[in-house]
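Spelled out, the chains give:
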Amino acid sequence: MTPSELITAPPAGVRITASRLSQTVRGGRRTLLDVSLTIEPGELVAIIGASGAGKTTLLETLAGVRPPSSGTVDRRPGVDTDRIDGPAVVGYVPQDDIIHHELPLERTLRYAARLRLAPGTDPTALSRRVHEVMAELGLTERAGVPVGRLSGGERKRASIAVELLTRPGVFFLDEPTSGLDPAIAVELLRVLRGLADSAATVVLTTHQVTDVEFCDRVVVLTRQGALAFAGTPGEAREFFGVATLAEVYLRLDGEPEPGTWPDRFAARPEADARTAPTAATADRPTHTGEPGRTGGSRQRVGRLRQWAVLTARNLEIVGRNRLTLAILLGSPLMVLGMFALLFRPGAFEPADPSPNVMVMILFWIAFGGFFFGLTYGLLQICTELPIVRRERLAGVRVGPYLLAKVAVLLPLLALVDLALLGVLRGIDRLPAAGGAAFAALYLTLLLSSAGALALGLLCSASVADAAQATLLLPMLCFPQVLFVGAILPVPEMAAGGRWLSYAMSNRWAFEGLGHTAEVERIWHDGASPLGPPLLASYGDSFARPVWVNWVILGGFLVAFLGAAWTVLARRDSRGAAA
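Position numbers for residues count from 1 along each chain, tracking the sequence in the order it is written. Local features in this predicted model are restricted to residues of pLDDT 70 or higher, and side-chain atom pairs are both shown and tallied only at a pLDDT of 80 or more, whereas totals for entire chains, interfaces and linings draw on every residue. Side-chain metrics in this entry use all non-hydrogen atoms of the structure; hydrogen atoms and water are not considered.

(A) Summary view of the environment of Met 134. If you trace the backbone, Met 134 turns up in helix α4 (residues 123-136). The classification of residues rests on relative accessible area computed with a 1.4 Å probe and restricted to protein chains. Under 20% of the type maximum is buried, over 50% is exposed, and intermediate values are partly exposed. What makes Met 134 buried here is its relative accessible area of 0%. The spacing of Met 134 and Glu 106 is 28 residues in sequence and 8.2 Å in space, taken between C-alpha atoms. We call two residues contacting when some pair of their heavy atoms lies within 4.5 Å. Discounting chain neighbours no more than four positions away, the residues touching Met 134 are Leu 105, Glu 106, Leu 109, Leu 139, Thr 140 and Ala 143. The helix and strand labels rest on DSSP assignments: H or I over at least four residues marks a helix, E over at least two residues marks a strand, and numbering proceeds from the N terminus.

(B) Structural context of the pattern of salt bridges. What counts as a salt bridge is simple: a side-chain nitrogen of Lys or Arg found within 4 Å of a carboxyl oxygen of Asp or Glu. One pass over the structure, following the stated rule, counts 24 salt bridges. In this structure, the salt-bridge partner of Glu 132 is Arg 129, at a minimum N-O distance of 3.2 Å. Here Glu 132 and its partner Arg 129 are both found in helix α4, three residues apart, which amounts to about one turn of the helix. Overall, the relative accessible area of 1% leaves Arg 129 in the buried class. We note a salt bridge from Arg 320 to Glu 316, for which the minimum N-O separation is 2.9 Å. Of this pair, Arg 320 and Glu 316 are both found in helix α12 (residues 303-320), four residues apart, which corresponds to roughly one turn of the helix. Taken together, the salt bridges that share partners define one network made up of Arg 129, Glu 132, Glu 136 and Arg 167.

(C) Spotlight on the environment of Gly 497. With respect to the helices, strands and loops of the structure, Gly 497 is situated in helix α19 (residues 495-501). Residues Gly 497 and Pro 479, 18 residues apart in the sequence, show an inter-C-alpha distance of 9.9 Å.

(D) Spotlight on the pairing of strand β3 (residues 44-48). Most of β3 sits inside the fold, with five of its five residues counted as buried. Along β3, one buried face is formed by Leu 44, Ala 46 and Ile 48 and the opposite face, lined by Val 45 and Ile 47, is buried too. DSSP calls a pair of strands paired once it identifies at least 2 bridges connecting them. Pairing of β3 with strand β7 (residues 201-205) involves four bridges; the strand directions are parallel. Bridging across to β7, Ala 46 finds its partner in Leu 204. One ladder, built from four bridges, connects β3 with strand β8 (residues 217-221); its direction is parallel. The partner of Ile 48 across the bridge, within β8, is Val 220.

(E) Looking closely at the packing of aromatic side chains. Here a pair means two rings of Phe, Tyr or Trp (six-membered ring of Trp) with centres within 6.5 Å. Their orientation is stacked below 30 degrees between planes, edge-to-face above 60, and tilted elsewhere. In this structure the tally under the stated criterion is 19 aromatic pairs. Judged by centre distance (6.5 Å) and plane angle (80°), the ring pair of Phe 363 and Phe 510 falls under edge-to-face. With Phe 363 in helix α14 (residues 355-378) and Phe 510 in helix α20 (residues 505-516), this residue pair connects regions lying 147 residues apart in the sequence. Measuring from ring centre to ring centre gives 6.0 Å for Tyr 502 and Trp 508, while their planes differ by 40°; the resulting arrangement is tilted. According to the relative accessible area criterion, Trp 508 is buried, its value standing at 4%. A network of ring pairs unites the aromatic residues Phe 363, Trp 364, Phe 367, Phe 370, Phe 371, Phe 510, Tyr 538 and Phe 542 as a single cluster. Note on geometry: a ring has a charge over it if NZ (lysine) or CZ (arginine) is within 6 Å of the ring centre and within 35 degrees of the ring normal. Between Arg 264 and the ring centre of Trp 261, over which it is positioned, the NZ or CZ distance is 4.5 Å. For the cation-ring pair, Arg 507 lies above Trp 508, with the distance from its terminal atom to the ring centre recorded as 4.3 Å.

(F) Representation of the sheet that holds β3. In spatial order, the strands read β5-β6-β7-β3-β8-β9; together these six strands make up an open sheet with mixed pairing. Each edge of the open sheet is held by one strand with a lone partner, namely β5 (90-93) and β9 (227-231). Averaged over all neighbouring strand pairs, the angle between strand axes comes to 15°, with direction disregarded. Contacts from helix α5 (residues 152-164) reach β5 and β6 (170-174) within the one sheet, and its direction differs from that of β5 by about 160°. Of the strands in this sheet, β8 and β9 touch helix α8 (residues 233-240), which is tilted by about 135° from β9. Each axis is a line fitted through C-alpha atoms, and for a helix only the stretch in contact is used; angles between axes span 0 to 180 degrees, taken between their N-to-C directions.

(G) Geometry of empty space enclosed by the protein. A cavity here means a set of 1 Å grid points, computed over protein atoms only, where a 1.4 Å probe fits but cannot escape. A pocket is an open set with protein on both sides within 12 Å along at least 5 of 7 lines, and lining residues have an atom within 4 Å of a point. Grid points are joined across faces, edges and corners, and a volume is the space filled by probe spheres set on the points. Under the criterion given, the structure shown has five cavities of 30 Å³ or more. Elements with a minimum of two residues in the lining of the largest cavity: α3 (105-116) and α15 (385-393). At three residues, the largest contribution of residues to the lining of the largest cavity is made by α3. Partitioning the lining of the largest cavity into residue classes produces six nonpolar, two polar and three charged. Asp, Glu, Lys and Arg are counted as charged, while Ala, Val, Leu, Ile, Met, Phe, Trp, Tyr, Cys and Pro are counted as nonpolar; the rest, among them Gly, fall into the polar class.

Here it is, written out as structure tokens:
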């Protein structure tokens, strides 16, 4: 099949065979205990159990989001095996939103399609597929509405729509009806029922026992993560001896021995038929491919195309969020205004310099570039971690993702830095430098901002949410103030402070700016009596060629980006945080 024909073909149902799955988290606690089950193509299956029973863990393990500590999972097309090398067969919808709120629904789906559909897909076919998916989920009339303005049920359907673009043979959904009113929950379950009826395999977790009545089968877990039952909802009521499924929780908690119900279920002759590998899959090798695949080799979108699509999407997101754009561009203007009010003109006048003011101007320019870059990057990743995680499963690589962030934010920083230096030069807060000197000042500041942007992305990738990222801001800024050498020259610091100053990127920006501004010459030749003693206290801080500072700042940029790449890749390899 061609890529365009592939996305119009019906989904190939997937048989899932799990054998003796166990999952252990930090501290040695086991959240899954020897779970074995088989899910057939076209089934709608609910996983239920008390809070902490391991429902999400089992779902993510079956989906390939996280590898099991022991045991195996085999996901194979049950029909139409010619499609095994097609697009991603697994659709995974976590409980959190996996789509950006700023973009209209149709634009969101178009970007998702360009990242997911096979290279070579005809643009007309891609557009047609986007409209087909919206029609299938009843979202056509909401195509132009920003995702953030959709109702809860519509956003859930929009998340499903992202996965439906590639016609996956199996859907995994974590708490899809959580937080929805009953009418919307029923509407969503009917959508899932329709997907199963069209041959897709659908597996969901839920706390709402009413959801189970829409399902073909129910999987019940004990609080210890063991399999207590797998079968139809009617068989579950009969097995536990209850009138309603809500009472199953009481029966599970009422048994003093954790293994009572798992042992009873394992002793049933019919249990073997739905918990052991089927004859069709028993002799197949275990699938250990990457998340999002079921076997074979699927051609992913290339790195360059991923970068281009992600860059275009990031740019549109920034442009549509007027408040964010106003903050990105407005905060530097505010800082610039404070500089103009704080420092008097003429501080760099060779005939009558003000050495202490010169130091402060250069330091705050350097710190301003650092602060802008850091704040631009600090909230970029942590606010969209569920999206990052889902798109990594869909084949998006870490490198293009990070470089797309840089491609959008660095030009903004370049504009801000240029405006900062240009205005300060125009109002006589900088030396009367020629074009080459001004370009050197600008490059120093831009490299400082770029390194700080990379540091912000690293910290954003390392934390769990925006609140933690915000708490990091003063912790990252204070050392860049104290150990840079402006308030206290580096040669005057204690030994520990001198060593720590080497790790401050702002130090090298400050010293590079000072070298280009020729502070040594001005202090030495100027009329101010403060010049010579100040020059002596700074030693050779400003004597270093500026290109050395550029190399060091470039090293910080590469190191921070590499560390951010490593952190994101490790988070992906670990799956969900334990």
